[in-house]
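# Topology and contacts: notes
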Amino acid sequence: MELGLLYSGGKDSTLAALLLEEFYDVTLLTAHFGISDDWKHARETADRADFAFERLECDPDIAREAVDRIREDGFPRNGIQLVHKHALEQLASREFDAIADGTRRDDRVPTVSRAQAQSLEDRHHIDYIAPLSGFGRSAVDRLVEARLEVIVGPSEEIDRADYEAELRATIAEEDGPRAVEEYFPDHDQTYVTDVR
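I will try to describe carefully the structure that is included in this document. None of the values given here were measured: they were computed from a predicted structure. (Residues numbered from 1 in each chain as written. Predicted model: local features only at pLDDT ≥ 70, side-chain atom pairs only at ≥ 80, totals over all residues. Heavy atoms only, no water.)

### So, the overall build of the protein chain
Regarding its fold elements, the protein chain presents eight helices and seven strands. Here the protein chain has a C-alpha radius of gyration of 16 Å; the compact-globule value for 196 residues is 16 Å, and the two agree. Its C-alpha atoms give the protein chain principal-axis dimensions of roughly 45 × 40 × 30 Å. Relative to its 196 residues, the protein chain shows a buried fraction of 52%. In the protein chain, of all internal contacts separated by at least 6 residues, the share reaching a separation of at least 24 is 77%. For the protein chain, the accessible surface area stands at approximately 9,900 Å², while carbon and sulfur atoms represent 44% of it. Between the centroid of the 23 positive side chains of the protein chain and the centroid of its 44 negative side chains there is a distance of 4 Å. (Helix = DSSP H or I, 4+ residues; strand = E, 2+ residues; numbered from the N terminus. Rg over C-alpha atoms; globule rule 2.2 N^0.38 Å. Buried < 20%, exposed > 50% of the residue type's maximum accessible area, 1.4 Å probe, protein only. Contact = heavy atoms within 4.5 Å. Areas by Shrake-Rupley, 256 points an atom, 1.4 Å probe, with all protein chains shown as cover. Lys, Arg positive; Asp, Glu negative; His and termini not counted. Charge placed at Lys NZ, Arg CZ, Asp CG, Glu CD.)

Pasting the structure below:
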């Protein structure tokens, strides 16, 4: 069975791929809005982990809407949620038997509700799988420590290919780097450099 996994090159989506590969032919797909070439970081990690990789072209108007929402709200949650929902819809419209992401049980954003998952499955005739949805952060960290080489650091310093990077780039270009600091709280990101 063919499965498409939304992929950032970070620890969660890489761990999700490793968990799913026993049951599916996994292709890693990085959502891309044409704002930057950060998707290349995910391709490098996918190559190291020996997974097929593709870019998932997404609608730049959705990225624009997400940036506007972030500005209106003063925080990124709803903008990132909008982008994740769009990326899942794009992925579900491809020729896969199942789609997945690396969302965890205690993620604050992005999240996928039971109703959203069922809607994706019913409308696109696919299975939606969130293999980390039962794992808390400490459980994920233990599994990652056993299987992955990871760089951890502040969002602005870590190479990655997630939605947030392109949204941050748009805001920085239009409003200046200080605006990014206003909207996005300080937090660490991860980038997988190798699989053990």
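### A closer look at the pattern of salt bridges
Scanning the entire structure with this criterion turns up 16 salt bridges. The salt bridge involving R137 is made with D141; its shortest N-O contact spans 3.6 Å. Taken as a pair, R137 and D141 lie in helix α6 (residues 137-147) at a separation of four residues, close to a single helical turn. On the basis of relative accessible area, D141 is assigned to the partly exposed category, the value being 28%. Counted as one network, the salt bridges with shared partners bring together R64, D68, R71, E174 and D175. (Salt bridge = Lys/Arg side-chain N within 4 Å of Asp/Glu carboxyl O.)

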